[in-house]
Amino acid sequence: MDKIIGMGNALVDVLVTLQDDSLLDEMSLPKGSMQLINEDKFLKISGKYSGVKTHKATGGSAGNTVLALANLGAHPGFIGKIGNDDFGQYFKKNGLKQGIDMKLLAGDLPTGVASTFISPDGERTFGTYLGAAATMKAENLTLDMFKGYAYLYIEGYLVQDHELILRAMQLRKKRLDCKSAWIWPVIILWKEIWNSSIF
């Protein structure tokens, strides 16, 4: 079977079930929103949920996709960047446990965390700190990362980093066993670019 490698933001989801929405107001997180937050706000938020029951899960768009592929019996890979901390170790160990080939870069910032608050009515609110994930750059990628993979899946959240996307696609295309690259949700656009002369 052809293998797929995903590339994206290496995030750990920390899920917190709320008794009411007062914490959202206190943290200035509009109910039902997804807010990108800085490290200071992340530390403030994590301090609030450190005393309550939480559930951790491997997250990120591409991370979730490769986890689903692993659960379906595929043997996918994942390229991302984590920090040298407990969240980073959790992300790595959980991926390996699920049978994912973890090609993780190490960064100086903490591992990215998506703090996920679940209101009593089931609505989810996210405070996402990208951390080390946001520091993955084109020059961090190597040809060896793509070895043995026929398909490359890139999460759409990375599309704004044109150099990173272009480098990944160029390296992927250099592999002789390369078939295609997907960037969700803009697959059609990138299929045209993939076949263009810029590579």
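Above this text is the structure in question.
Chemist: Explain the sheet that holds strand 7 (residues 112–118) here, please?
Modeler: Read from one edge of the open sheet, five strands run 3-8-7-2-4, paired in mixed fashion. Across the chains shown, the open sheet's two edge strands, defined by having one partner strand only, are strand 3 (34–36) and strand 4 (54–59). Each strand axis lies, on average, 20° off the axis of its neighbour in the sheet, ignoring direction. The pairing of strand 7 with strand 8 (residues 124–129) spans six bridges and is classified as antiparallel. When the sheet's bridge partners are listed, Ile 118 is paired in strand 8 with Arg 124. Packed onto the sheet, helix 2 (residues 39–49) meets strand 2 (11–17), strand 4, strand 7 and strand 8 and runs at close to 45° relative to strand 7. Seen against the sheet, helix 4 (residues 86–97) touches strand 2, strand 4 and strand 7 and runs at an angle of roughly 60° to strand 4.

Chemist: Got a minute to help me understand the nonpolar core in this structure?
Modeler: The nonpolar side chains of soluble globular proteins are, as a tendency, buried together. Residues Ile 45, Tyr 49, Phe 78, Phe 91, Ile 100 and Phe 117 are the most contacted members of the largest nonpolar core, which totals 27 residues. Elements with a contribution of two residues or more to this core: strand 2, helix 1 (22–26), helix 2, helix 3 (61–71), strand 5 (77–83) and strand 7. The dominant element in this core, judged by the number of residues it contributes, is helix 3, at four residues. Those residues in contact with Phe 117 that sit more than four places away from it in its chain are Val 16, Leu 18, Leu 23, Leu 24, Leu 29, Ile 45, Tyr 49, Glu 123, Arg 124 and Thr 125. In this structure, Ile 5, Met 136, Phe 146 and Tyr 149 belong to the second largest nonpolar core, which totals 17 residues.

About the thresholds
Residues numbered from 1 in each chain as written. Predicted model: local features only at pLDDT ≥ 70, side-chain atom pairs only at ≥ 80, totals over all residues. Heavy atoms only, no water. Pairing = 2+ DSSP bridges. Helix = DSSP H or I, 4+ residues; strand = E, 2+ residues; numbered from the N terminus. Axes fitted to C-alpha atoms, helices over the stretch in contact; angles between N-to-C directions. Contact = heavy atoms within 4.5 Å. Core = buried A, V, L, I, M, F, W, Y, C linked by side-chain atoms within 4.5 Å. Buried < 20%, exposed > 50% of the residue type's maximum accessible area, 1.4 Å probe, protein only.

By themselves, these figures tell us nothing about what the structure is for.
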